[in-house]
Amino acid sequence: EGMSLDYLRSPVVCVLGHVDTGKTKILDKIRHTNVQDGEAGGITQQIGATFVPEDAIRAQTKMVKEFVKTEIKLPGLLIIDTPGHESFSNLRSRGSSMCDLAILVVDIMHGLEPQTLESLGLLRKGNTPFVVALNKIDRLFDWRRMPTSSVKEAVKKQNKNTKDEFDERVKGVVTEFAEQGLNVALFWEKVDFTDYVPLVPTSAHTGDGMGDLISLLVTYSQGVLAPKLMLSEELEAIVLEVKVIAGLGTTVDVILRNGILKEGDTLVLTGTEGPFSTQARALLMPQPLRELRVKNAYVNHKAIIASQGVKITGKDLEKTLAGTPIFVAKKPDEIEVLKDEASKVVSSMLSAIKLQERGVYVQASTLGSLEALLAFLKQSKIPYCGVNIGPVHKRDVMKASVMLEHDSQWAVILAFDVKVEREAQEIADNVGVKIFTADIIYHLFDNFLLHRKELHD
Ligand code: GTP
Ligand code: MG
Ligand code: NA
């Protein structure tokens, strides 16, 4: 363990929940952004991170009287957004494994749904403390928005019918959680949350409850969680995502959970062919309140103090496995020791991307979505013989075309959320490799399954 420095790092907060409960919209409200509007099909298909600094916390919690007087001891919150669609259980698992604290988002009109339960399972497995955001309260009949009041006040001031519907729906959700063996209660009802998970009614549309949610996260973090949030000299960094960015090559998005990362550091990473080392060429960060996964004007930094989401550029990064730790070698002779350390990381990822001799060729914009595609193929008993991240080039088509000599049904490229280079498409058309493209993951599954059905009928 490294020396602890007398400074609290920002907690890493993961947002989890069933599809369309409003996870991204809640972040949009906090950031004053419109990330959700730009998502294909309105669903999140990548994992991302946003830094919410202290001044934004201050500005958005003015209506919470008790909190206004509280000193904020944290630099901010680092919030990880995850997809709720069932295909992305890998990313929910990854996000929850990196966080100090979580927000489980439940739609007040729907109650608990399949991926709510899946997320709950992950949080329990990791012993992760969390709060429940009971979102979309503006959809209650005749709800009147009062975002400049605390949500407790806002509920109290509603008409009787609205208040009754609120009480009834809250009661239903409390019961559903109880059936899962979990005590939850409206956050203003209990004083001690050791036995209860706090429930915060929110609306990402009207802003009701958002200040309460943020202040609860901060209070909990700098209270109970503080011992775990001491900044240490020891680096703790985990690869969130691997992706190709035009002009930067393959980059890794990293959650720096502890320590300080510097430009030029010698990194030891876990790769598809075992551990390897490389130099951190550039450390890039989005502006505060901007999403790491959305292409932004990234800002170059010489050094970064945890916790932050950072994009690292460098050589050989295309080999990196997501979900694995990054080590920094301070002296050259440490590299081999750290490689040993890295090789102990038994990654289920490695077996997941194990290739067969015959099968389809799979390509995606990120390693996370590639994993999701492969999990689907595995489940559907469809073999794959090659994978890649980034645009489809001629060489990808050449690799896929090898199947024409073996079993032409596999001469297929499944391309998710990536461009197909024109030359690649022309060659594919000429030699008879079929390329399926989609920017919504389940459309890709559907199109491919339809094609297989046609082949076999
Ligand atoms: P995935 O990432 O795909 O799992 O969804 P998500 O949980 O991030 O939900 P998202 O932010 O994409 O919101 C889904 C839909 O619900 C969008 O149409 C939003 O505008 C809507 N929505 C989100 N929050 C609220 C809310 O508080 N009130 C209302 N009325 N609609 C909301
Ligand atoms: Mg989302
Ligand atoms: Na959505």
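Quantities reported herein were computed from a predicted structural model and do not represent experimental measurements.

J.: Pulling in residues and values, what's your account of the sheet that holds strand β14 (residues 274-279)?
T.: If you walk across this open sheet you meet the eight strands as β14-β13-β19-β10-β11-β18-β15-β16, and the pairing is antiparallel. Two strands in the sheet have a free side with no partner beyond their single neighbour: β14 and β16 (299-301). This sheet shows a mean twist of 40° between the axes of neighbouring strands, independent of strand direction.

J.: So what about the confidence of the model for the protein? Which residues, and what values?
T.: Per-chain confidence: the protein averages 95 in pLDDT, with 97% of residues scoring 70 or above. Here the prediction assigns the complex a pTM of 0.95, and the interface score ipTM is 1.00.

J.: Quick rundown of the sheet that holds strand β7 (residues 184-186)? Include the residues and the values.
T.: Here we have seven strands laid out as an open sheet, ordered β3-β4-β2-β5-β6-β8-β7, and mixed in their pairing. The outermost strands of the open sheet, each flanked by one partner alone, are β3 (48-53) and β7. Neighbour-to-neighbour, the strand axes of the sheet open up by a mean angle of 30°, direction not taken into account. By the bridge criterion, six bridges tie strand β5 (residues 101-107) to strand β6 (residues 130-135) in an arrangement that is parallel. Following the sheet pairing, Val-106 is matched in β6 by Leu-134. In the packing of helix α7 (residues 160-179) onto the sheet, the strands contacted are β5, β6 and β7, and the crossing angle to β7 comes to about 160°.

J.: Please provide a residue-by-residue account of the pairing of strand β11 (residues 249-258), values included.
T.: Burial analysis of β11 places eight of its 10 residues in the buried class, which makes it a mostly covered element. By the bridge criterion, nine bridges tie strand β10 (residues 236-245) to β11 in an arrangement that is antiparallel. Across the sheet, Lys-243 pairs through a bridge with Thr-251, a residue of β11. In this structure, the hairpin formed by β10 and β11 is closed by a connection of three residues, where Gly-247 is found at a positive phi of approximately 90°. Of the strand pairs in this sheet, β11 and strand β18 (residues 308-313) are connected by six bridges, and their pairing is antiparallel. In the strand pairing of β18, Val-254 is matched with Val-310.

What counts as what
- Residues numbered from 1 in each chain as written.
- Chains lettered and ligands numbered in written order.
- Predicted model: local features only at pLDDT ≥ 70, side-chain atom pairs only at ≥ 80, totals over all residues.
- Pairing = 2+ DSSP bridges.
- Helix = DSSP H or I, 4+ residues; strand = E, 2+ residues; numbered from the N terminus.
- Axes fitted to C-alpha atoms, helices over the stretch in contact; angles between N-to-C directions.
- pLDDT = per-residue confidence, 0-100.
- Contact = placed C-beta atoms within 7 Å.
- Buried ≥ 20, exposed ≤ 12 C-beta atoms within 10 Å, placed from the backbone.

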